[in-house]
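# Commentary on secondary and tertiary structure
The lines below spell out each chain.
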Amino acid sequence: MMEAIDRWREAVPEESRVETGLAAGFVAGGLLAAAVMLMSKRRGFFAWAIPGAIFAVGAVLLSDVVIDVRAERIMEAEDLIHHELASLDPLARAQVLKSVGEREVDAVLGD
């Protein structure tokens with residue numbers, strides 16, 4: 001379990017760690033508030049609206065971090081691929097793009 005947490009921490013960029021920690025706190029707080037409401041046997045809408053809102057804020061913050069990290073990785077991959085392709089002659093570049101395109105289409109279509 002600790003290995004998974006350590007890998008997750010390493011995957012989060014340094015500039016997003018505060019936001020991620022805050023989001024995790026909101027998610028945990030929402031779950032804790034829901035547990036308290038469940039144990040106190042409250043059933044009204046407002047009894048569940050507050051834990052739900054706290055949890056939702058955490059989920060939105062986490063999704064924002066995930067989207068930002070994904071976008072950053074996509075840009076890094078694009079830059080790396082562009083650099084590698086630029087080092088090839090035009091014919092080799094075309095062959096590589098054709099091969100990659102065919103593999104990706106086959107992967108999507110399941111052939």
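Note that this is a predicted model, so its numbers are computed, not measured.

### A look at the overall build of the protein chain
Scanning the protein chain from terminus to terminus reveals four helices and zero strands. Taken from the N to the C terminus, the helices and strands of the protein chain come in the order α-α-α-α. Taking 2.2 N^0.38 as the reference for a compact globule, 111 residues should give roughly 13 Å; the C-alpha atoms of the protein chain span a radius of gyration of 22 Å, well beyond that estimate. By residue count, 14% of the 111 residues in the protein chain fall in the buried class. Taking the contacts inside the protein chain whose residues are at least 6 apart along the sequence as the reference set, 61% of them involve residues at least 24 apart. Taken as a whole, the protein chain presents about 8800 Å² of accessible surface, with 67% of it coming from carbon and sulfur.

### Focus on the packing of helix α2 (residues 17–39) against helix α3 (residues 45–86)
Running from N to C, α2 and α3 cross one another at 160 degrees; their axes reach a closest spacing of 8 Å. Relative to α3, the element α2 lies roughly antiparallel. For the element pair α2 and α3, the recorded crossing hand is left-handed. Taken together, the residues that form the contact of α2 with α3 break down as 19 nonpolar, four polar and two charged.

### Things to note about the environment of V12
Topologically, V12 is positioned in the loop between α1 (2–11) and α2. Sequence separation between V12 and V65 is 53 residues; the distance between their C-alpha atoms is 8.2 Å. Those residues in contact with V12 that lie beyond four places of it in its chain are R17 and T20.

### What about unusual backbone geometry?
Phi at K41 takes a positive value of approximately 60 degrees, unusual for a residue other than glycine. Mapped onto the elements, K41 comes out in the loop between α2 and α3.

### Observations concerning the confidence of the model for the protein chain
Averaged over all residues, the pLDDT of the protein chain equals 86, while 97% of them reach at least 70. Confidence, read as mean pLDDT per element, is least for α1 in the protein chain (73) and greatest for helix α4 (residues 90–109) (92).

### Comments concerning the pattern of salt bridges
All told, the structure shown has one salt bridge when counted by the stated rule. Across the pair E102 and K98 runs a salt bridge whose closest N-O atoms are separated by 3.2 Å. Placement of the pair is E102 and K98 together in helix α4, with a separation of four residues, close to one helical turn. The class for E102 is partly exposed, based on a relative accessible area of 41%. Judged by relative accessible area, which is 53%, K98 ranks as exposed.

Calculation criteria
Residues numbered from 1 in each chain as written. Predicted model: local features only at pLDDT ≥ 70, side-chain atom pairs only at ≥ 80, totals over all residues. Heavy atoms only, no water. Helix = DSSP H or I, 4+ residues; strand = E, 2+ residues; numbered from the N terminus. Rg over C-alpha atoms; globule rule 2.2 N^0.38 Å. Buried < 20%, exposed > 50% of the residue type's maximum accessible area, 1.4 Å probe, protein only. Contact = heavy atoms within 4.5 Å. Areas by Shrake-Rupley, 256 points an atom, 1.4 Å probe, with all protein chains shown as cover. Axes fitted to C-alpha atoms, helices over the stretch in contact; angles between N-to-C directions. Parallel < 35°, antiparallel > 145°, perpendicular 65-115°, else oblique. Left-handed = near helix turned anticlockwise from the far one by under 90°. Nonpolar A, V, L, I, M, F, W, Y, C, P; charged D, E, K, R; others polar. pLDDT = per-residue confidence, 0-100. Salt bridge = Lys/Arg side-chain N within 4 Å of Asp/Glu carboxyl O.

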